[in-house]
Amino acid sequence: MMTGRDPETGKRTYKFLYAPTAYELREKIDDYLRDRKDGIADEDCAFTRWGEIWFNHHALRKKPATQECYKHTLKLLNQTVLGTKALKKITLFDIEDALRYVYDNYSGSTYSKCRGTLYMMFDTAVAMNKIRMNVMRSVEKLEVKHGEPKKAFSQTEIQRLLDKLKMDKVGLSIIAMILSGVRRQEMLAWDISKGDLAADGS
């Protein structure tokens, strides 16, 4: 079936679909036309769009804190060379360049999260017949950087910080993190209206 024209050459472009029976072929054609309308057909689906689809079908099943982590990771990946590419046209070199950018500019933990997220995204794309193979399987893993061990605040430092904090949104958030021990991303995912806090406020 004709799908349009190549923007560079002006030549017609075609999509070839195969199936054992006419009924199954008709289903494939309907699925393809539906995907193309939604912008997720094989040749049209951008990496950024696939990130949204993957998040809605995978990450939304996770806990709120994990969802926030995935959101941050996808936003970072979209800022790399991958954010300008169609999913089907991403090469091994594109992924290596994107991960090298993350490795050079962010923490080892962020690099590991980006790598893991890409692996899952491409695995899902293979399962959905959007790409033929998961190129992440061929990406050489960079040695994760280990910084100096994090030092906990002393009681004196904590008290000094509490004395300086203002009773505004930021100050109250920091106080909550100090007293409860939750991390920043867990704090962002809190929703008291959904019962994230116990009846006694803990």
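The coordinates are above.
Description of the structure in this document.

Quick notes on the rules
- Residues numbered from 1 in each chain as written.
- Predicted model: local features only at pLDDT ≥ 70, side-chain atom pairs only at ≥ 80, totals over all residues.
- Heavy atoms only, no water.
- Axes fitted to C-alpha atoms, helices over the stretch in contact; angles between N-to-C directions.
- Helix = DSSP H or I, 4+ residues; strand = E, 2+ residues; numbered from the N terminus.
- Parallel < 35°, antiparallel > 145°, perpendicular 65-115°, else oblique.
- Contact = heavy atoms within 4.5 Å.
- Nonpolar A, V, L, I, M, F, W, Y, C, P; charged D, E, K, R; others polar.
- Salt bridge = Lys/Arg side-chain N within 4 Å of Asp/Glu carboxyl O.
- Buried < 20%, exposed > 50% of the residue type's maximum accessible area, 1.4 Å probe, protein only.
- Expected span 1.5 Å × (residues − 1).
- Core = buried A, V, L, I, M, F, W, Y, C linked by side-chain atoms within 4.5 Å.

### Observations concerning the packing of helix α2 (residues 47–57) against helix α5 (residues 108–127)
Okay, step 1: In the contact formed by α2 and α5, the axes pass within 11 Å of each other and the chain directions differ by 90 degrees. By the angle between their axes, α2 is roughly perpendicular relative to α5. Taken together, the residues of α5 that come into contact with α2 (itself represented by Phe-47, Trp-50, Gly-51 and Trp-54) are Thr-117, Leu-118, Met-120, Met-121, Phe-122, Thr-124 and Ala-125.
Okay, step 2: Grouping the constituent residues of the contact of α2 with α5 by class yields 8 nonpolar, 3 polar and no charged.

### Side note on the pattern of salt bridges
Okay, step 1: According to the stated counting rule, one finds 5 salt bridges in the structure shown.
Okay, step 2: Taking the shortest distance from any N to any O, the salt bridge between Glu-52 and Arg-49 comes out at 3.2 Å. Pair noted here: Glu-52 and Arg-49 are both in helix α2, with a separation of 3 residues, about one helical turn.
Okay, step 3: According to the relative accessible area criterion, Glu-52 is partly exposed, its value standing at 44%.
Okay, step 4: The partner of Asp-104 in a salt bridge is Arg-100, with the nearest N and O atoms 3.5 Å apart. Of the two residues, Asp-104 and Arg-100 are both situated in helix α4 (residues 92–105); the distance of 4 residues between them amounts to about one turn of the helix.

### So, the environment of Glu-143
Okay, step 1: For Glu-143, the location among the structural elements is in the loop between α5 and α6 (155–164).
Okay, step 2: For the pair Glu-143 and Gly-108, spaced 35 residues apart in sequence, the C-alpha separation works out to 8.5 Å.

### Notes on helix α3 (residues 64–78)
Every α-helix carries 3.6 residues per turn, so stepping three or four residues along brings you back to the same face.
Okay, step 1: Look at α3: 21 Å from first C-alpha to last across 15 residues, which is about the 21 Å you get at 1.5 Å a residue.
Okay, step 2: For α3, the complete set of buried residues consists of Gln-67, Cys-69, Tyr-70, Thr-73, Leu-74, Leu-76 and Leu-77.

### Description of the nonpolar core
Okay, step 1: Among the nonpolar cores identified, the biggest contains 29 residues, and Phe-47, Trp-50, Ile-95, Leu-99, Leu-118 and Phe-122 are the most heavily contacted of them.
Okay, step 2: When residues of this core are traced back to their parent elements, those giving at least two are α2, α3, α4 and α5.
Okay, step 3: Setting aside residues up to four positions removed in sequence, Phe-122 forms contacts with Phe-47, Leu-87, Ile-90, Ile-95, Ile-131, Asn-134, Val-135 and Met-136.

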